[in-house]
Amino acid sequence: MRLSLDGRQALTDLWLVAPATLALVLFIFVPVAIVAVLSFSDYQFGAPTFNWIGTENYLTLFSSTIGRRAVTNTLLYVAIVIPFSVGAGLIVATGIHRMAGWAPRLSNLMKTIYFLPVAATLVAMSVAWQMVLHPSLGIVNQTLASLGGQPQNWLSDRGLVLYTLAMIGIWQSIGYNMILFLAGLAAIPPELYDAAEIDGAGGAWSRFWTVTWPMLGPTTLFVMVITATNAFRVFETVATMTGGGPAFASDTLVHALYREGFVYFKAGYASALTMVFFAFLLALTALQLRVVERKVHYR
Amino acid sequence: MTRILLSRVLPAALLGLGAAFILLPFVWMLSLSIKPRDEIFSTTIELLPSRIEWSNFTFALTRTDIPLFLWNGTLMVSLILFFQILFAVPCAYALAQRNFLARKLLFGLVLAALLVPFHVTAIPIFLGFAQLGILDTFQALVIPFVPSAFGIFLFRQFFAQLPSELFDAARVDGLGETAIVWRIAFPLALPAATAFAIFSVTAHWNDLFWPLIATTDPDLATPPRGILYFRDQESGDNVGPLMAAALVITAPLIIAFLFAQRRFIQGIASGGLKG
């Protein structure tokens, strides 16, 4: 039997797109559906049967101290990382951008240094941070002691550990934000600065507030959302340095879903954690889409 | 004079201070990795050791499984990248340069898939792999990442910019669509492929989440998973070799970055489009 031309074309299309489409459905869409359904069950990995328990997993999550800890810790972590990482990224980018005018090599070197943590393997760097912050052998406490300060248990003090992790999160993401801001800075037409100078805004400070900052507004929103999306996923540093401890003081959503699902094998409850994590990210993406739209209108 | 001080020296000094903070863990890691044991455990602050202790590196490279972890990582990221491209490129080409019924729907599907972080799909994939009995195998590290919505999206955007006359001419010359994909479209898309390769290799070399879940056999450990095995075995005793191992594990990406900075930054920054 011979196929018509249309038929053959359709077969070609199928041959080209079917493998990728099937793989997407199998490894992304079906799992999302399953995880949503599982979140209403008490299924445990390896158990022969399970029951539908309605929204009990979600109730447990939001009413138990440990569940609430994971949510509030993640939100606090994100709330610390966003302003500092975005602010530092902006300051560094502005500095590097201006430095390129009189010391291009030094400016490039600075860019390379600030980007290093983004390229490095975070788990290996977490192991290094552990030694930097080591209670007795770490350089931070040794310096503090030699200056007469009080050494701290950066990673095992309940009140401190989340801030330490946030500091490392900031350390890791400044370079990425710097790159995004540098792209934004390069897109500002130099005429605007000339115009500002004629209007009397000659100093670096007033140039920044009259030209740079308003022009970077949309970029800043975009960078904030991206920083938030990445901060919500914090896992590597937690798993490597604290395991969520001490006493769940540094437990975050992704780490909690890992522990409940794959250490305690509570698939149902871990699915509920997954859905809460997913909901936060989707809300952020919705925000991101609106921001990108605004960015386009602005230009 | 004051003006130059304010506009150049002060900002440069601040940038330098920030850079010192960024470099702190790198410098401390490097410093400990070449320090003799007794100097690591001394309480005085010395960045430079009295003599360079190479035995930390020889220990990490010969008495531990670090070389095996590096090999596992290399094999894993290569296979993931190979299959991602094999699946994504034909689909992206069809989405950009061919007209078929469900084209819009399929592109919508790709965009929707971009919104799903891997963490969300981990539990069902784990369940499925347990059913199939392929947990704790090397395949388990690769298979979940074969479909890359981000790859399809990136290549589609690139192919959409190419003139369709180019592909019509190839058809007139008698090339089939599969040949057009791999012999014309893909070589043209090399800039997109480089960006995607850098993004994919970095992401999977550094990933801890899935290797931690999918494998328990230390022989299958990827570099991040492996260094944690090493650290937990030594229980804080062998700091020098541990720092040497951390350095060796992060070195490939750092070296690649230093040699191809612009491409590297482009590749990683392009990942910002991903949800």
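Note that the structure is predicted; figures quoted are calculated from it, not measured. (Residues numbered from 1 in each chain as written. Chains lettered and ligands numbered in written order. Predicted model: local features only at pLDDT ≥ 70, side-chain atom pairs only at ≥ 80, totals over all residues.)

Colleague: Can you walk me through the overall build of chain B in this structure?
Modeller: Within chain B, the secondary structure is distributed over 15 helices and 0 strands. Here chain B has a C-alpha radius of gyration of 24 Å; the compact-globule value for 275 residues is 19 Å, and the former is much larger. On the principal axes, the C-alpha backbone points of chain B span a range of 75 × 65 × 35 Å. Residue burial in chain B is summarised as follows: out of 275 residues, 45% are buried. The contacts of chain B with a sequence gap of at least 6 include a subset with a gap of at least 24, amounting to 75%. (Helix = DSSP H or I, 4+ residues; strand = E, 2+ residues; numbered from the N terminus. Rg over C-alpha atoms; globule rule 2.2 N^0.38 Å. Buried ≥ 20, exposed ≤ 12 C-beta atoms within 10 Å, placed from the backbone. Contact = placed C-beta atoms within 7 Å.)

Colleague: Please explain the overall build of chain A as it appears in this structure.
Modeller: Looking only at helices and strands, one finds 12 helices and 0 strands in chain A. Along chain A, helices and strands appear, N-terminal first, in the series α-α-α-α-α-α-α-α-α-α-α-α. Radius of gyration (C-alpha) of chain A: 25 Å, far over the 19 Å computed for a compact globule of 299 residues. In terms of overall dimensions, chain A has a C-alpha envelope of 75 × 75 × 30 Å along the principal axes. Looking at chain A as a whole, 44% of its 299 residues qualify as buried. When contacts within chain A are restricted to residue pairs at least 6 apart in sequence, long-range pairs at least 24 apart make up 67% of them.

Colleague: What is the right way to read the domain arrangement of chain B from this model?
Modeller: It is common to give the size of an interface as the accessible area lost on bringing the parts into contact. Residues and elements named next belong to chain B. Domain annotation for chain B reports domain 1 (2–53) and domain 2 (64–273). Averaged C-alpha coordinates put domain 1 and domain 2 at centres separated by 35 Å. At the interface, 8 residues of domain 1 touch 6 residues of domain 2. If you list the elements that add at least two residues to the side of domain 1 that touches domain 2, you get α1 (2–33) and α2 (37–40). Among the elements that line the side of domain 1 that touches domain 2, the one with the most residues is α1, at 4 residues. (Domains from an automatic or database assignment.)

Colleague: I tried to follow the packing of helix α4 (residues 66–97) of chain B against helix α11 (residues 190–206) of chain B on my own but got confused; where do I start?
Modeller: Helix packing geometry: the angle between the two helix axes and the distance between the axes. Residue and element names in this part refer to chain B. Direction vectors running N to C along α4 and α11 enclose 140 degrees, while the axes themselves pass 9 Å from each other. In terms of axis orientation, α4 runs oblique to α11. Here the hand of the crossing between α4 and α11 comes out right-handed. Where α4 abuts α11, its residues Gly73, Met76, Val77, Ile80, Leu81, Gln84 and Ile85 lie against Ala193, Ala197, Ser200, Val201, His204 and Trp205. Of the residues contributing to the contact of α4 with α11, the split by class is 9 nonpolar, 4 polar and no charged. (Axes fitted to C-alpha atoms, helices over the stretch in contact; angles between N-to-C directions. Parallel < 35°, antiparallel > 145°, perpendicular 65-115°, else oblique. Left-handed = near helix turned anticlockwise from the far one by under 90°. Nonpolar A, V, L, I, M, F, W, Y, C, P; charged D, E, K, R; others polar.)

Colleague: Is there a simple way to explain the nonpolar core in this structure?
Modeller: Within soluble globular proteins, side chains that are nonpolar generally end up buried alongside one another. Counting 168 residues, the largest nonpolar core has A:Ala128 and B:Ala246 as the members making the most contacts within it. Take this core: its biggest share by element is 17 residues, from α4(B). Here this core spans two domains, since at least three of its residues come from each of domain 1 (2–53) and domain 2 (64–273) of chain B. Once you skip the residues sitting within four places of it in the chain, B:Ala246 turns out to touch A:Ala124, A:Val127, A:Ala128, B:Met29 and B:Ile227. (Core = buried A, V, L, I, M, F, W, Y, C linked by C-beta atoms within 7 Å.)

Colleague: Any chance you could explain the interface of chain B and chain A here in plain terms?
Modeller: Between chain B and chain A, the residue contacts involve 75 residues of the former and 73 residues of the latter. Its residues assigned to classes, the side of chain B that touches chain A comprises 60 nonpolar, 11 polar and 4 charged.

Colleague: Looking at this model, I keep getting lost on helix α1 (residues 5–38) of chain A. Mind explaining?
Modeller: A turn of α-helix holds 3.6 residues, and therefore any two residues three or four places apart point the same way. Residues and elements named next belong to chain A. Here α1 contains 34 residues, and its C-alpha end-to-end distance of 46 Å stays within 8% of the 50 Å for a straight helix at 1.5 Å per residue. Maximal helix bending in α1 amounts to about 45 degrees, located at valine 17; proline proline 19 follows within four positions. Of all the residues in α1, the buried ones are Leu16, Val17, Ala20, Thr21, Ala23, Leu24, Phe27, Ile28, Pro31, Val35 and Leu38. (Expected span 1.5 Å × (residues − 1). Bend = angle between axes of the 7 residues up to and from the residue.)

Colleague: I would appreciate a short explanation of unusual backbone geometry in the present structure.
Modeller: The bulk of non-glycine residues show a negative phi, and the bulk of peptide bonds are trans. Omega for the peptide link from A:Gly245 to A:Pro246 comes to -10 degrees, which places this bond in the cis form. With respect to the helices and strands, A:Pro246 occurs in the loop between α10 (236–242) and α11 (253–263). Of note in this structure, A:Ala247 is not a glycine but carries a positive phi near 50 degrees. Looking at the secondary structure, you find A:Ala247 in the loop between α10 and α11. A positive phi is found at B:Asp136, a non-glycine position, where the angle reads about 60 degrees. Residue class for B:Asp136 comes out partly exposed when judged on the 14 C-beta atoms lying within 10 Å of it.

Colleague: Before we go on, may I ask you to explain the confidence of the model for chain B in this structure?
Modeller: Any residue range with low pLDDT should be treated as having predicted coordinates unsuitable for detailed reading. With 97% of its residues at a pLDDT of 70 or more, chain B has an overall mean of 90. In the predicted complex, the global pTM is 0.91; the interface-specific ipTM is 0.90. (pLDDT = per-residue confidence, 0-100.)

Colleague: What exactly am I supposed to notice about α1(B) here?
Modeller: Residue and element names in this part refer to chain B. Look at α1: 43 Å from first C-alpha to last across 32 residues, which is about the 46 Å you get at 1.5 Å a residue. Most pronounced at leucine 23, the bend in α1 amounts to some 50 degrees, and the proline proline 25 follows within four residues. Listed in full, the buried residues belonging to α1 are Leu15, Ile22, Pro25, Trp28, Met29, Leu32 and Ser33.

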